Amino acid sequence: MKHTYKATWGGKKALLRDIKPGVSLFVINEHAPITDPHHPGIDAGPGRTYSEWIVTTKRTPLIGSVMAQCTTHGGYEAVESLLAKEREIHTARPNLPLLGAREDSNAYTAGAQRAERLAAERFARERSADMSRKWATAAR
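As a convention, each chain's residues are numbered from 1 in the sequence order in which they are written. Totals for whole chains, interfaces and linings use all residues, but because this is a predicted model, local features are given only for residues with pLDDT of at least 70 and pairs of side-chain atoms are given and counted only at 80 or more. The side-chain values count all of the structure's non-hydrogen atoms but skip hydrogen atoms and water molecules.

Peer 1: Where do I start with the overall build of the chain in this structure?
Peer 2: Labels follow the DSSP assignment, with helices taken as runs of H or I lasting at least four residues and strands as runs of E lasting at least two, numbered in each case from the N terminus. Summing up its helical and strand segments, the chain has three helices and six strands in all. Tracing the chain from N to C terminus, the helices and strands come up as β-α-β-β-β-β-α-β-α. Exposure is judged per residue with a 1.4 Å probe applied to protein chains only, and the accessible area is read against the type maximum: over 50% gives exposed, under 20% gives buried, and values in between give partly exposed. Per-residue burial over the chain gives 34% buried out of 140 residues. Computed with a 1.4 Å probe, the accessible areas rest on the Shrake-Rupley method; for each residue, only the protein chains presented here act as cover. Per element, the accessible surface of the chain, about 8,700 Å² overall, is 54% carbon and sulfur.

Listed below in structure tokens is the structure:
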């Protein structure tokens, strides 16, 4: 399985050939940097995050495209549409913060922020592992 699929005809064909229910797909999201109004010029949030999608056994009603489910908000989208919209899909987890697991900037110390971020990431990874297991067993 490749690590990156681009939104080309060959990339779409390879992605649809390689995916199976339960496989994680990662999309890198570009955000405008979040600035703190009390400290101008200091970046208070990530400019890039990733979101995770799990390939399901569901298919679109008319065309029959394979659907993927987002781990953070639970929504569904066709894998072909996701590739066309995001222009690039990865199968390896990027070394970026997860979109739905941002830490609370109101924590009092840097250690508390780090602990909160690690707990949020752990919860998100456990949820994605559960969803992946669910869809992989549904395909059997």
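There is more to say, and it comes next.
Peer 1: Hey, could you run me through the pairing of strand 2 (residues 24-30) in this one?
Peer 2: Working note: regular strand, side chains alternate between the two faces of the sheet. Judged by how many residues are buried, strand 2 sits mostly within the fold: five of seven residues are covered. The pairing of strand 2 with strand 3 (residues 48-59) spans seven bridges and is classified as antiparallel. The residue bridging serine 24 from the neighbouring strand is isoleucine 54, located in strand 3. Strand pairing is assigned whenever DSSP identifies at least 2 bridges connecting the two strands.

Peer 1: Mind showing me how you'd approach the nonpolar core here?
Peer 2: Here is a general trend for soluble globular proteins: nonpolar side chains tend to be buried in one another's company. Throughout this description, the term nonpolar core refers to a set of buried Ala, Val, Leu, Ile, Met, Phe, Trp, Tyr and Cys residues connected via side-chain atoms within 4.5 Å. In terms of nonpolar packing, the biggest core is built from 16 residues, with Leu15, Ile19, Leu25, Trp53, Val55, Val79 and Ile89 touching the most fellow members. For this core, the elements supplying multiple residues, two or more each, are helix 1 (9-18), strand 2, strand 3, strand 4 (66-70) and helix 2 (79-86).

Peer 1: Mind showing me how you'd approach helix 1 here?
Peer 2: Since the α-helix advances by 3.6 residues per turn, residues separated by three or four positions end up pointing in the same direction. For helix 1, every residue scored as buried is listed here: Gly11, Ala14 and Leu15. End-on, the buried residues of helix 1 take up no more than an arc of 100 degrees, which puts them together on one face. Residues of helix 1 that are exposed and point more than 90 degrees away from the buried face comprise Trp9 and Arg17. Where helix 1 is buried, its residues meet strand 1 (4-6), strand 2, helix 2 and strand 6 (88-90). By construction, the arc corresponds to the directions joining the helix axis to the C-beta atoms. By definition, residues are in contact when any of their heavy atoms lie within 4.5 Å.

Peer 1: How do you make sense of the side chain of threonine 71 when you look at a structure like this?
Peer 2: Tracing the backbone through its elements, the reader meets threonine 71 in the loop between strand 4 and strand 5 (76-78). For threonine 71, a relative accessible area of 4% corresponds to the buried category. Once residues within four sequence positions are removed from consideration, threonine 71 is found in contact with Glu52, Ile54, Arg127, Ser128 and Met131.

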